[in-house]
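Overview (structure and organization)
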Amino acid sequence: MPENYPNSMAKRVKIGSKFVSIHYPKCKPWMREIYFGEREDKMEHGHISVSGAIVVGNTISAETWYARTPDGIELVKEGKPLIRNTSQLLSNCIPVPLAKAQHEEQSLFWNVNSLDAFS
C-alpha cells in the first residue's frame, strides 16, 4: 500500500487492529482509492477504487471500479463483478465503518459524501 500516494490528499483511520486509508487523487477528482486491512504490517490489504458520480435514489454515489480482498481475491475489475456473489463478499471483507459508506440497496455503490467525511 503506498504511504506517499503521489499528488493526492489522504485520510488514514485506525480501527482497533485494522486500518482504512482513503486517497483522493488531485488529478482525478472523480476517484477514491481505498486501502484496508490489519495494522500489523503483513502487507496484506484490500483495495477498492471507486469512480464517477451518479445519482442512485437520493444519494450521489460512486461505483466500485476495482475491488480486491485482503487475501488477494479480485472481486471487481473495470467496473464488472467477477463473481456471482461479489456484493456479499465485498461487504463481508471491509471494516464496519467503511461499510456504512456503502449504498443501502446496492453495495457496489458508495455514498460519496460518506466517503469524503469518513473518519
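Attention here is on the structure that accompanies the text. (Residues numbered from 1 in each chain as written. Predicted model: local features only at pLDDT ≥ 70, side-chain atom pairs only at ≥ 80, totals over all residues. Heavy atoms only, no water.)

Details of the side chain of glutamine 102
Structurally, glutamine 102 can be placed in the loop between α2 (96-99) and β8 (109-111). By relative accessible area, which is 11% here, glutamine 102 ends up buried. Those residues in contact with glutamine 102, other than ones at most four positions away along the chain, are Leu90, Ser91, Ile94, Ser107, Phe109 and Trp110. (Helix = DSSP H or I, 4+ residues; strand = E, 2+ residues; numbered from the N terminus. Buried < 20%, exposed > 50% of the residue type's maximum accessible area, 1.4 Å probe, protein only. Contact = heavy atoms within 4.5 Å.)

Comments concerning the environment of glutamate 105
With respect to the element layout, glutamate 105 can be found in the loop between α2 and β8. Under the relative-accessibility criterion, glutamate 105 is labelled exposed at 69%. Sequence separation between glutamate 105 and glycine 57 is 48 residues; the distance between their C-alpha atoms is 9.3 Å.

Re the packing of aromatic side chains
Counted under the stated rule, the structure contains zero aromatic pairs. A cation sits over an aromatic face here: arginine 12 above phenylalanine 19, 4.4 Å from the ring centre. (Phe/Tyr/Trp six-rings, centres within 6.5 Å; stacked < 30°, edge-to-face > 60°. Lys NZ or Arg CZ within 6 Å of the ring centre and 35° of its normal.)

A few points about unusual backbone geometry
At glutamate 78, a residue that is not glycine, the phi angle is positive and equals roughly 50°. Within the secondary structure, glutamate 78 is located in the loop between β6 (74-77) and β7 (80-81).

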